[in-house]
Amino acid sequence: MASGKALNRELSKLFNEMWDADVHRLRPGKDYTIDVQGKAGLAQQGDSAVQDNAARHLFHNVNEERLRSIKTFATFISLLDNYEASTGVAEVVTPEEIVENNCFLDAILATEVMRLAHDYLLKKKLAKPNLADFKHQLYDIWFQLYARKEGDRPDSCGFEHVFVGETRHGKEILGLHNWVQFYLQEKRDQIDYKGYVARKNKTRPDKDDQVLSIQFSWKGSVKPIGSTFIGVSPEFEFALYTVIFLLSEERVTRETVKIDEYELQVVVWRHGQHIGTAYPVLLSTTTED
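As a starting point, this report considers the structure included with it. (Residues numbered from 1 in each chain as written. Predicted model: local features only at pLDDT ≥ 70, side-chain atom pairs only at ≥ 80, totals over all residues. Heavy atoms only, no water.)

### So, the pattern of salt bridges
Scanning the model with the defined rule gives 12 salt bridges in all. The partner of Lys 13 in a salt bridge is Glu 17, with the nearest N and O atoms 3.0 Å apart. Of this pair, Lys 13 and Glu 17 both sit in helix H1 (residues 9-21), separated by four residues, roughly a single helical turn. Take Glu 17: its relative accessible area is 32%, and that puts it in the partly exposed class. Of the charged contacts, one joins Lys 194 and Asp 52 as a salt bridge, the two residues approaching to 3.9 Å between their closest N and O atoms. Of this pair, Lys 194 sits in strand S5 (residues 191-196) while Asp 52 is found in the loop between strand S1 (32-34) and strand S2 (59-62), placing the two residues 142 residues apart along the sequence. With a relative accessible area of 35%, Asp 52 lands in the partly exposed category. Connected through salt bridges with shared partners, the residues Arg 27, Asp 31 and Arg 66 form a single ionic network. (Salt bridge = Lys/Arg side-chain N within 4 Å of Asp/Glu carboxyl O. Helix = DSSP H or I, 4+ residues; strand = E, 2+ residues; numbered from the N terminus. Buried < 20%, exposed > 50% of the residue type's maximum accessible area, 1.4 Å probe, protein only.)

### Remarks on the side chain of Thr 242
Note that Thr 242 resides in helix H9 (residues 234-247). A distance of 2.9 Å separates polar atoms of two side chains, one belonging to Thr 242 and the other to Trp 142. Apart from the residues lying within four places of it in its own chain, the contact partners of Thr 242 are Leu 121, Leu 138, Ile 141 and Trp 142. (Polar contact = N/O pair within 3.5 Å; in protein donor to acceptor, adjacent residues only side chain to side chain. Contact = heavy atoms within 4.5 Å.)

### What to know about helix H8 (residues 179-187)
Most of H8 sits out of view: eight of its nine residues are buried. Every buried residue of H8 is listed here: Trp 179, Val 180, Gln 181, Phe 182, Tyr 183, Leu 184, Gln 185 and Glu 186. Looking at where H8 begins, the residue whose side-chain oxygen comes 3.0 Å from the main-chain nitrogen of Val 180 is Asn 178. Downstream of H8 by one or two residues, Asp 189 has phi in the positive range, about 60 degrees.

### Observations concerning the nonpolar core
Phe 15, Met 18, Phe 59, Trp 142, Phe 159 and Tyr 241 are the most contacted members of the largest nonpolar core, which has 80 residues in total. Per element, the largest residue contribution to this core is 10 residues, and it comes from H9. Each residue touching Phe 59, except ones within four places of it in the same chain, is listed here: Tyr 32, Thr 33, Ile 34, Trp 179, Phe 182, Tyr 183, Glu 186 and Ile 230. (Core = buried A, V, L, I, M, F, W, Y, C linked by side-chain atoms within 4.5 Å.)

### Comments concerning the packing of H1 against H9
Between H1 and H9, whose axes approach to 10 Å, the crossing angle comes to 160 degrees. Between H1 and H9, the interaxial angle falls into the category roughly antiparallel. In the packing of H1 onto H9, the handedness of the crossing is right-handed. Judged by residue contacts, Leu 11, Leu 14, Phe 15, Met 18 and Trp 19 of H1 engage Phe 236, Ala 239, Leu 240, Val 243, Ile 244 and Leu 247 from H9. (Axes fitted to C-alpha atoms, helices over the stretch in contact; angles between N-to-C directions. Parallel < 35°, antiparallel > 145°, perpendicular 65-115°, else oblique. Left-handed = near helix turned anticlockwise from the far one by under 90°.)

### Focus on unusual backbone geometry
You will see that Asp 189, though not glycine, has its phi angle at about 60 degrees, which is positive. Here Asp 189 shows up in the loop between H8 and S5. By relative accessible area, which is 60% here, Asp 189 ends up exposed. Backbone geometry at Asp 260 places phi at a positive 55 degrees, although glycine is not the residue there. By secondary structure assignment, the location of Asp 260 is in the loop between strand S8 (252-259) and strand S9 (262-271).

Structure follows, in structure tokens:
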């Protein structure tokens, strides 16, 4: 199961049910507009400057009123400023942040998307039936702190890496696979979108594509290629990555799935009993962290 390249039909079916149930997903052209612009140039991890083939922001506009009126998005956004970006610097979790983490988990557990994921995991005997127990399991997988590098103080967690982003030695961007964080950082001019990375069978993405591979800089470093869902709810991504994480004990799991029109490889790295990283790869691109 660890690196199955063949399409996983069982997971594709589940993830499409989750996709269809994702009533909080923002709609392209209606709730937000993206501006893909030019194709990104070649870049490597560690580069500090690359050619900029996108003069404007990726997000032309987002209906922030709608975004913040949805409880799962609102509670998610409140978590984004709770982390120290640099790896190697110990994280301090305040009692207030623990409350915020719990509010977010309560909000997503009330959704149909998470119910579908929970039901599936119950059938596989990978989750407890009691929602409070399942919530505890999710907290441990996503929010429990650990050290990215052996010997360091606890400086990271799955949530921070995947959804917020981290930097290493001020030279590399780790994680940051979430469109809301990207949009909010871009709005503050913290992120500079450099262009799209094309997938094989399509010369360029359209403005209504809801999975993109992109290149950008953040905090003085370049992410040569980062893949992200666009417009989806936090519960959709949480459910997707949690299911794949719990299905496998392997250090790295790559599952090929078809969700809506997108053929993806969903990649989940395990860090002990916690998520190390997780992201979608459009099947035209290969490696990233």
